[in-house]
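Chain by chain, the residues:
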Amino acid sequence: MEILRPALVNIHGRIYRKNAVQEESYEEEEEEDYSYSEADAEQCLDEPCDAHDIQQTEKGFRCAIDVPSVLYKYIIGKKGETRKRLESETKTSISIPKQGVEGQIVVTGAHRAAVASAVTRVEVLIDSFRRKQPFTHFLSFALNSPQVQEGFLRFREQVLEHCGQDAGVEVSIFQNPAKLHLTIGTLALLNQQEVTRAVELLQQCQRVIRDITEAKPLPVEVRGIEYMNDDPSLVDVLYATVALADGSDKLQQIADRLVECFVSAGLMERERDRVKLHGTVMNTLFRRDPSAEDRGASGRPNMKDREAFNATNILQMFREVYFGAFDLNSVQISQRFSTDGTGYYSSAGHVTFS
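Residues numbered from 1 in each chain as written. Predicted model: local features only at pLDDT ≥ 70, side-chain atom pairs only at ≥ 80, totals over all residues. Heavy atoms only, no water.

**Thoughts on the pairing of strand S10 (residues 181-187)**
Reasoning step 1: Taking burial as the measure, the seven residues of S10 include seven buried ones, the bulk of the element.
Reasoning step 2: By the bridge criterion, six bridges tie strand S9 (residues 137-142) to S10 in an arrangement that is antiparallel. Its bridge partner lying in S10, phenylalanine 141 is registered against leucine 182. (Buried < 20%, exposed > 50% of the residue type's maximum accessible area, 1.4 Å probe, protein only. Helix = DSSP H or I, 4+ residues; strand = E, 2+ residues; numbered from the N terminus. Pairing = 2+ DSSP bridges.)

This is the structure:
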């Protein structure tokens, strides 16, 4: 860690320095653990915990915080060491439900400041390890209209016919036509409570979306392909570009506003200033795993497991390929590794433009 530029964690609008120390093992996976110096401990004890309701009881103070069960082990630590250290340093007691049982972590102590300090430290740990979780859902615009699917299948057939001998080009790296989509942003929703919260947040965004669309569907056109690396002979992902028929940036506006909303709510991490609107049509991750998805902020794919393909001829022959046009009328929270009755991803919730 760079001393002059330490890693920072934003917890409910407060910024904390993250001190990385010796890694510990949790059920066969290496995870980063965190410790607190004496100065850090004193600082946390003086800071109020405004985001949670610390209640006074007959024996002192109590605060309950919602934590997905998959994160309990990071608060407990190897052989219970993390919880013991937190309890010892803050002079509190931390009660954690049994693994697999959804509930609340309850912090109790004789002094309000001590409980506030323990809650803050628990939240720092939760936030850090949450970032390591694979994403479970993603905000998406479906591109799988019948016309676009037909255009995609025609593109796939022509690419295999004319470029099938090029290095790495084979049918397995093409997207499933029923799952053609634009990814707006990825979400790690670790229990049903978090899924419900995300769906409610999307519903709250509907008025903003309809203000942008003027309560009408958006006529979109899927045309052209592009890649994002510097060498067209070594490509891992090929994208279709999407634009509105009227040339406006309304789709971009919706995507950016949604990301802004979900980032502010702590449900999404911002990856770039503006959403890159693109639909994957070829991806070398599909070569080994047909169900693989576009990665999110949760982690990078193992590049050693990917075999790039030569897209030089594909780009020369199909750069302006036309896939199709249709009226887009919804955005949804799609569940990763799922399929609904149409062949698209199962939806946890959606809102319409009209």
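**Quick notes on the packing of helix H7 (residues 206-213) against helix H8 (residues 250-264)**
Reasoning step 1: The contact between H7 and H8 brings their axes to 9 Å, and the two run at 165°. Here H7 lies roughly antiparallel to H8, going by the angle between them. Relative to H8, the crossing made by H7 is right-handed. Listed contacts from H8 to Val208, Ile209, Ile212 and Thr213 of H7 are Lys250, Gln253, Ile254, Arg257 and Leu258.
Reasoning step 2: Broken down by class, the residue content of the contact of H7 with H8 amounts to five nonpolar, two polar and two charged. (Axes fitted to C-alpha atoms, helices over the stretch in contact; angles between N-to-C directions. Parallel < 35°, antiparallel > 145°, perpendicular 65-115°, else oblique. Left-handed = near helix turned anticlockwise from the far one by under 90°. Contact = heavy atoms within 4.5 Å. Nonpolar A, V, L, I, M, F, W, Y, C, P; charged D, E, K, R; others polar.)

**Considerations on helix H3 (residues 81-90)**
Reasoning step 1: Residues of H3 that are buried include every one of Thr82, Leu86 and Thr90, and no others. The arc that holds every buried residue of H3, seen down its axis, measures 45°, which confines them to one face. Across from the buried face of H3, at angles greater than 90 degrees, the exposed residues are Lys84 and Ser88. (Arc of directions from axis to C-beta.)

**Some thoughts on the confidence of the model for the protein**
Segments scoring low in pLDDT should not have their predicted coordinates read at a detailed level.
Reasoning step 1: Of all residues in the protein, 82% attain a pLDDT of 70 or more, and the chain-wide mean is 86.
Reasoning step 2: pLDDT under 50 marks residues 21-47. Its contacts with residues more than four places away, or in other chains, come to 65 contacts.
Reasoning step 3: In this model, residues 295-301 is a region of pLDDT below 50 whose contacts with residues beyond four sequence positions or in other chains number 17 contacts. (pLDDT = per-residue confidence, 0-100.)

**Considerations on H8**
Reasoning step 1: Here H8 contains 15 residues, and its C-alpha end-to-end distance of 21 Å stays within 8% of the 21 Å for a straight helix at 1.5 Å per residue.
Reasoning step 2: Looking only at H8, the buried set comprises Lys250, Leu251, Gln252, Ile254, Ala255, Asp256, Leu258, Val259 and Phe262.
Reasoning step 3: Positive backbone phi, at 80°, marks glycine 266, one or two positions downstream of H8. (Expected span 1.5 Å × (residues − 1).)

**Quick word on the sheet that holds S10**
Reasoning step 1: A sheet is described by the order of its strands in space; here four strands give the open sequence S10-S9-S15-S16, paired in antiparallel fashion. Every other strand in the sheet has two partners, leaving S10 and strand S16 (347-352) as the edge strands with one partner each. For this sheet the average axis-to-axis angle between neighbouring strands, irrespective of direction, equals 20°.
Reasoning step 2: Note that strand S15 (residues 330-335) and S16 share five bridges and pair antiparallel. By the bridge assignment, isoleucine 333 is partnered in S16 with glycine 349.
Reasoning step 3: Sheet contacts for helix H6 (residues 192-204): S9, S15 and S16; angle to S16, the most-contacted strand, approximately 5°.

**Overview of the packing of H3 against helix H4 (residues 112-130)**
Reasoning step 1: Between H3 and H4, the least distance of the axes is 9 Å, while the angle of their chain directions is 150°. Between H3 and H4, the angle falls in the class roughly antiparallel. Regarding H3 and H4, the two cross each other, and that crossing is right-handed. Here Thr82, Leu86, Glu89 and Thr90 of H3 come into contact with H4, specifically with Ala114, Ser117, Ala118, Arg121, Val122 and Leu125.

**Thoughts on the environment of proline 219**
Reasoning step 1: In this fold, proline 219 is placed in strand S11 (residues 218-226).
Reasoning step 2: Distance in space between the C-alpha atoms of proline 219 and alanine 243 is 8.7 Å, their sequence separation being 24 residues.
Reasoning step 3: Once you skip the residues sitting within four places of it in the chain, proline 219 turns out to touch Ala243, Leu244, Ala245, Phe326 and Asp327.

**Things to note about the pattern of salt bridges**
In a structure, side chains of opposite charge can pair up when their charged atoms sit close to one another.
Reasoning step 1: In the structure shown here, the tally under the stated rule is twelve salt bridges.
Reasoning step 2: In this structure, glutamate 269 and arginine 131 form a salt bridge, with 3.3 Å as the shortest nitrogen-oxygen distance. Of this pair, glutamate 269 sits in the loop between H8 and strand S13 (279-283) while arginine 131 is found in the loop between H4 and S9, placing the two residues 138 residues apart along the sequence.
Reasoning step 3: For glutamate 214, the salt bridge goes to lysine 216, with nearest N and O atoms at 3.6 Å.
Reasoning step 4: Look at the salt bridges and you will find they share partners, linking Asp127, Arg131 and Glu269 into a network. (Salt bridge = Lys/Arg side-chain N within 4 Å of Asp/Glu carboxyl O.)

**Some remarks on the sheet that holds strand S7 (residues 92-95)**
Reasoning step 1: The strand order across the open sheet formed by four strands is S5-S6-S8-S7, and the pairing between neighbours is antiparallel. The sheet is open, and its two edges are formed by strand S5 (55-57) and S7, each paired on a single side. Across this sheet, the average inter-strand angle for adjacent strands is 25°, counted without regard to direction.

**Structural notes on the packing of aromatic side chains**
Reasoning step 1: In the structure shown here, the tally under the stated rule is nine aromatic pairs.
Reasoning step 2: Here phenylalanine 155 and phenylalanine 318 contribute two aromatic rings whose centre-to-centre distance is 5.7 Å and whose plane-to-plane angle is 90°, an arrangement assigned as edge-to-face. Note that phenylalanine 155 is positioned in helix H5 (residues 146-163) and phenylalanine 318 in helix H10 (residues 312-318), a separation of 163 residues in sequence.
Reasoning step 3: The class of phenylalanine 155 is buried, set by a relative accessible area of 1%.
Reasoning step 4: A network of ring pairs unites the aromatic residues Phe152, Phe155, Phe174, Phe318 and Phe323 as a single cluster. (Phe/Tyr/Trp six-rings, centres within 6.5 Å; stacked < 30°, edge-to-face > 60°.)

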